[in-house]
Each structure stands twice: as C-alpha cells, then as structure tokens.
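Residue-level listing of the chains:
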Amino acid sequence: MKRAACVAGLALLAVAAAEVRAQTEIRPPRDYTLTNARIVVAPGRVIERGVIVVRDGRITAVGPAVQIPAGGLTLDLDGQTVYPGFVDPAVSRGLPAIVGGGRGGGRGGGAASESAEQPELSPARAAADVWAPTQNDLNELRAAGITTAGLAFEGGIFPGRVSVVKVSDGDARQRVMRSPVAQQVEFGRNTRGYPNTYIGALAYIEQSFLDAQYDARVQAAFERNPATAPTPKYDSEHQALQPAAAGQMPAWIAASSVREIERHIELARLAALSNVVLVGVQEGFRVADRLRALGRPVIASLDYPTPRQVTGRSFELHVAPVSGEDKAAAEADSAVARELRSNAVKLVAAGVPVALTSRGVSPAQYLARVRAAVEEGLPADAALGAVTQIPARLLGIEAAVGTIEAGKLANLVVAEGDIFAKDTKIRQVFVEGERYIIPEAPAGGRGGRAGGPGGAASVAGEWAGEMEGPAGTMSFTLTLRQEGTALTGELQTEMGPVALQGEQNGAEISLRGTASPPGMNAIEISITGRVTGDELRGTLDAAGMATVPFNARRRGPGAVPSGGSR
C-alpha cells in the first residue's frame, strides 16, 4: 500500500515538473532593443549612433536618444551598421519550373524548384500557392540580406501572378504578405500547341489582352442593358487577365535584350496596357532614354549575359591572331562585361527608377553583383534604394518595409560595416522581429557536393539532357572536365560535336564554343546554367538565333576526375 502511494506521488511530481518546464521553457524572444548601432534609416538618412526598439515584430522606436525600455533582449551593436531588410521583387527560388522555358528577365533558368513542371498558360495561378522553398533556400536568401521577396515565375507565357512573402521559417501561409501583386508576361513556348515560337507568343499575348478588354466591355454593356447587349461569353484566361488589361494590376513583362525591350514596349502600346513594368532589362543601358520615356520603374536582373551574347557582338569584325593569346578579343569582352555591370548605373543616371533582383542568379551572387554595380559607379544611396524602397513600392508594401521607421515591420540587416564594401559580412537578419544569426561561411564557399572549387558542387561528368528549340525537342550529351574553376568539355548533338571551355562560379557555370554544322558557317555558342546536385538547368545561346532553355541530368554515380575523361 505504501509502495503504491509512493509511486502515485512520484507520478504527480513528474506531471507537475513537466508543467513547470512547459511554462518556463525558454523560447526565442521577439522583443529586442538594439543599441549603439550605426543606423541607415533610408537612403541618405543615417543615425551615426542610435537605438532601435523592436516589440512583437514591429519597430516601436528608433533614434539617437531613445530610452531603453524594460523587458526583451538588449543587443549591443557597437561597431556594426543596421540597414533595412532587402526586398527582392522577382525571386523564383522555391517555385516550380514552367513547361516551355522562357526568354527575358533571368537567363539561367536554374533558380526554380525541381518539383513537377507547371503549364505555360495559367494567368490566374498565384505564386504563393505553389511556393515550396527548402530550408536551404530560405537560409541562402537571408544570408544575402533578403528579408522580403516578390515571387515571380521563370518561363512560360502567362505563368501566373506575383506574390509577396516574408523570408521567415514556419507556416507558409503565415509568410504571405500580399497576393496577387502583378500579372506576369513571359515569352516561352507552348509545348501543347500554338504559340510555340517567340513571334507567335508576341502575337498571342497582344491578342489575349485585347480580347480580355473586349470581354470586359461586353460584360459591362450586358449589365447596363441585358435586353439589347450581346450575351457575354466566359473565358477563364481572359477573365484572369482583365485586371492587368484594365491597368488595375501591373503587367510585369520580361525583356532582356535591346530587341526584346523595344518590342515589348511596343507590345504594351498595341495591347493598350497602361500599367507596365519591364523585368530583366540587362541591356537597358543601351536604350536608357527609351526606358525613361516609358515613365515606369524597371526591375533589373543581376543575371548578365556573357559578352558574346550582347546585342551586336556577333556582327563585329574581328580577326583572331594565327597564334598566341587573342588580347584584342579579351579586352573587348572585358569592356562589354563592364558595361553590363554598369547597367543600373546608366539607368539611374538617365532618371529611370530601378529595382534590382537576383532573378536568374543564386542568392549568394546577389549582394556581390550589387557591390560590383557600386564599384562601377552606382551611388550607394541609389543602390540601397534599388534593394529596399523601390522594390517595396513596386510590390505595394512600402508602408510596411523598406526603411527603418516606427510602425514598420522589424526587417533588419546587421552588418559589420558598409554593406556595399567588398568584404563586409552580414552577421544577423531580422524578419518581422524573428532573429536569424548568419553563420560564418567556410573558407572558399558555402559548401556543397565535394569536388568543386572552394567546396562548391562539382560539375564534372557526363550530362544527358534535352533542349527546346524552334524545331522542337533535341537531345544532347554534355561532357565536362574540371580543374579548379576552369572547365573544358564537349557538347554532342545531332548537329555534331562542339568543343567548349569556360568557368564555374559556385553552382553557376558558363561555357563557350564554336559550332560548325555541315553546310553552314561557324556559329559561336554560349551555355549558362546552374547545377543542383545532379540536375543542370540553363540556356544555350547561338549567335544571331534564339535563346534555348535546357534541362540535363548527370549520368553515372560519380564525377569525372579533374582533367580526365570517361
């Protein structure tokens, strides 16, 4: 009897102890006071030494002489600088791939999820409904300082609508801030029929918007006078396009090259679109006056084409030396590469509002490329505006994010110094008051599959894939050999072999070569792509021809040894 009473007493004590532990469990706080920090409130507004108070995910006070309240965790940030969290307006990381690929905007096509591909014509689809980021996706975005993301598909024709999310952990539904934001317009191909060419997509997009406007007029007339007006006919695609067709929702139109920018501006005029944002504009520096006349902000991708892909390069007269290094070609390529890096510089100088996006590149490259633009002459305040205020305005969330002010979400980036200096490291990121410590990157990179430069994924091996060309699907084999960051290899298609050389930058690869199809002149080609494990996605560009998207998978269990072959 005594033993039973003792057991019962111990059980009650165990239950009581568990309840006490549950009540006193230490959870990460959401209330912080950041002291002694240099605070960049907004472009051109700096507090050299101040305090930020964060309560329940919001900024409640900021200034040089703020009284430190009781409660919460106080962080002494002496020697560190706090910036508004970055806003990337066109992130595709974590979104499904779109059947048919794409053209403008982002060139790599490798940032999309490896989940099942989605149809090209789905204008009503909201990006937030199909966003499935991995934990690594979220970690990489935050490590780049990105706390808010516009989700934008890559590829297709009408792939869907842009959504806005917080780059935080937890329930995906709780991360959505606004949806829909904009209607996406891309220029891929329809694998199930018309339109399956770029010119066909141009005509189809124009007609679809005109049809949507006509359907809206018929519906309005019927509602005014059903006795005499024609009966409306329902079309789900036209119905979804009506807000953008009427200017009530922005139409985000992908355009990368000079030709695409000019054609797509004309498309917007012909389709009577009054609320247009061009996305990509990598060659915008060549038509900056035209973009200024458009009177709209642009979303400039940091995914640059190779110098040989730039408009007009394939027509330049150049004679290579019989032997030795082709210094003239190298100098010309270097000059064009600098022009590409200074794209935002020239657009801002021309008076075009610019938002910068990582679309087409990995988050790890995002901040490095913003810094490269600053090195080319982009003022630091303009650069900060391009990654905070301007994208926040485009996404319709400027009241909540983009600056460090009382009442806004506590989306903050803590850096050890000037964020645009080459070696400055991001130490902490706050997303609506949730604190994330950014780990120190291992020497040479962020790790990955062994064998690549600095711990990055090895790309050596034999890759088998398919590319979607104007004439349909074509199979190919790509064999790559690797020595450090240098790559050599061969592309084998039904048109014959092409010797390649290039380089690897983290998970990104770029390759160049010259194809000599039977009975045709030599054609310079370039390949850019992104490796994720044994998957390779990217685009192939042939001088004077269309950009062709491709997907490939590595064959066999292992990589080819550096410098060797199978």
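Located above this text is the structure these notes cover.
Predicted model only: the values in this text are computed from it and were never measured.

Conventions we followed
Residues numbered from 1 in each chain as written. Predicted model: local features only at pLDDT ≥ 70, side-chain atom pairs only at ≥ 80, totals over all residues. Heavy atoms only, no water. Axes fitted to C-alpha atoms, helices over the stretch in contact; angles between N-to-C directions. Helix = DSSP H or I, 4+ residues; strand = E, 2+ residues; numbered from the N terminus. Parallel < 35°, antiparallel > 145°, perpendicular 65-115°, else oblique. Left-handed = near helix turned anticlockwise from the far one by under 90°. Contact = heavy atoms within 4.5 Å. Nonpolar A, V, L, I, M, F, W, Y, C, P; charged D, E, K, R; others polar. Phe/Tyr/Trp six-rings, centres within 6.5 Å; stacked < 30°, edge-to-face > 60°. Buried < 20%, exposed > 50% of the residue type's maximum accessible area, 1.4 Å probe, protein only. Pairing = 2+ DSSP bridges. Core = buried A, V, L, I, M, F, W, Y, C linked by side-chain atoms within 4.5 Å. Salt bridge = Lys/Arg side-chain N within 4 Å of Asp/Glu carboxyl O.

Enquirer: How would you summarise the packing of helix H5 (residues 198-224) against helix H7 (residues 258-270) if you had to cite specific residues and measurements?
Expert: Taken N-terminus to C-terminus, the directions of H5 and H7 make an angle of 25°; their axes are 9 Å apart at the nearest point. Classified by the interaxial angle, the pair formed by H5 and H7 is roughly parallel. Regarding H5 and H7, the two cross each other, and that crossing is right-handed. Each of Tyr 198, Ile 199, Leu 202, Ile 205, Glu 206 and Leu 210 in H5 lies in contact with H7, whose residues at this interface are Glu 260, Arg 263, His 264, Leu 267 and Leu 270. When grouped by side-chain class, the residues that make up the contact of H5 with H7 number seven nonpolar, one polar and three charged.

Enquirer: I'd like a rundown of the packing of aromatic side chains, residues and numbers included.
Expert: Tallied over the entire structure, the rule returns seven aromatic pairs. Consider the rings of Tyr 194 and Tyr 204, whose centres lie 6.0 Å apart with planes at 70°: the pair is edge-to-face. Note that Tyr 194 is positioned in the loop between strand E11 (176-185) and H5 and Tyr 204 in helix H5, a separation of ten residues in sequence. For Tyr 194, a relative accessible area of 53% gives the class exposed. Assessed through its relative accessible area of 18%, Tyr 204 is described here as buried. Ring centres of Phe 476 and Phe 550 lie 5.6 Å apart, and the angle between their planes is 85°; on these two criteria the pair is classed as edge-to-face. Taken together, the residues Phe 476 in strand E20 (residues 472-483) and Phe 550 in strand E26 (residues 547-554) connect sequence positions 74 residues apart.

Enquirer: Summarise the packing of H5 against helix H6 (residues 236-245); cite the residues concerned and give the values.
Expert: Where H5 contacts H6, the axes come no closer than 8 Å and their chain directions differ by 90°. In terms of orientation, H5 and H6 fall into the roughly perpendicular class. Together, Tyr 204, Ser 208, Phe 209, Asp 211, Ala 212, Gln 213, Asp 215 and Ala 216 of H5 and Glu 237, His 238, Leu 241, Gln 242, Ala 244 and Ala 245 of H6 make up the contact between the two elements. A breakdown of the residues in the contact of H5 with H6 according to their chemical character gives seven nonpolar, four polar and three charged.

Enquirer: Tell me about the pairing of E11, residues and numbers included.
Expert: Alignment of strand E10 (residues 161-166) against E11, held across four bridges, turns out to be antiparallel. Each residue of the ladder has a partner; that of Arg 161, found in E11, is Gln 183. Note that E11 and strand E12 (residues 251-255) share three bridges and pair parallel. Paired with Gln 183 across the bridge in E12 is Ala 251.

Enquirer: Provide a residue-level description of the side chain of Thr 479, including the pertinent values.
Expert: Structurally, Thr 479 can be placed in strand E20. Look at Thr 479 and you get buried, because its relative accessible area is 19%.

Enquirer: Explain helix H12 (residues 380-387) residue by residue, including any values.
Expert: Restricting attention to buried positions, one finds in H12 the residues Ala 383, Leu 384, Gly 385, Ala 386 and Val 387. Those residues of H12 that are buried lie in contact with strand E1 (32-42), strand E5 (81-84), strand E6 (86-91), strand E15 (354-357), helix H11 (363-375) and helix H13 (389-394).

Enquirer: How would you sum up the pairing of E10? Please name residues and give values.
Expert: Burial runs high along E10: six of the six residues are buried. Here E10 shows a buried face lined by Arg 161, Ser 163 and Val 165 and a second buried face lined by Val 162, Val 164 and Lys 166. When strand E9 (residues 146-151) meets E10, the two strands line up antiparallel, connected through four bridges. Its bridge partner lying in E10, Leu 151 is registered against Ser 163.

Enquirer: Tell me about the environment of Glu 440, and name the residues and values.
Expert: Looking at where Glu 440 falls in the secondary structure, it is placed in the loop between strand E18 (434-437) and strand E19 (461-469). Sequence separation of Glu 440 and Ala 143 is 297 residues, and the distance between their C-alpha atoms is 9.8 Å. If sequence neighbours within four positions are ignored, Glu 440 has contacts with Lys 425 and Arg 427.

Enquirer: Lay out the side chain of Lys 166 with the relevant residues and their values.
Expert: Looking at the secondary structure, you find Lys 166 in strand E10. For Lys 166, a relative accessible area of 12% gives the class buried. For Lys 166, the contacting residues outside a window of four places in its chain are Trp 131, Thr 147, Gln 174, Arg 175, Met 177, Val 431 and Glu 432.

Enquirer: For the nonpolar core, give the residues involved together with the corresponding values.
Expert: Counting residues in each nonpolar core, the largest one holds 81 residues, and the members touching the most others are Phe 187, Phe 209, Ile 253, Leu 291, Leu 356 and Ile 419. Top contributing element to this core by residue count: H5, with seven residues. Leu 478, Val 498, Val 531 and Val 548 belong to the second-largest nonpolar core, a separate cluster that totals 24 residues.

Enquirer: Describe in detail the pattern of salt bridges, supporting the description with residues and values.
Expert: Applying the stated criterion to the full structure yields 22 salt bridges. Two residues, Glu 140 and Arg 93, come together in a salt bridge whose shortest N-O distance is 3.0 Å. Of this pair, Glu 140 sits in helix H3 (residues 135-143) while Arg 93 sits in the loop between E6 and strand E7 (96-98), placing them 47 residues apart in sequence. A relative accessible area of 19% means that Glu 140 is categorised as buried.

Everything listed here is a matter of geometry and, on its own, says nothing about what the molecule does.
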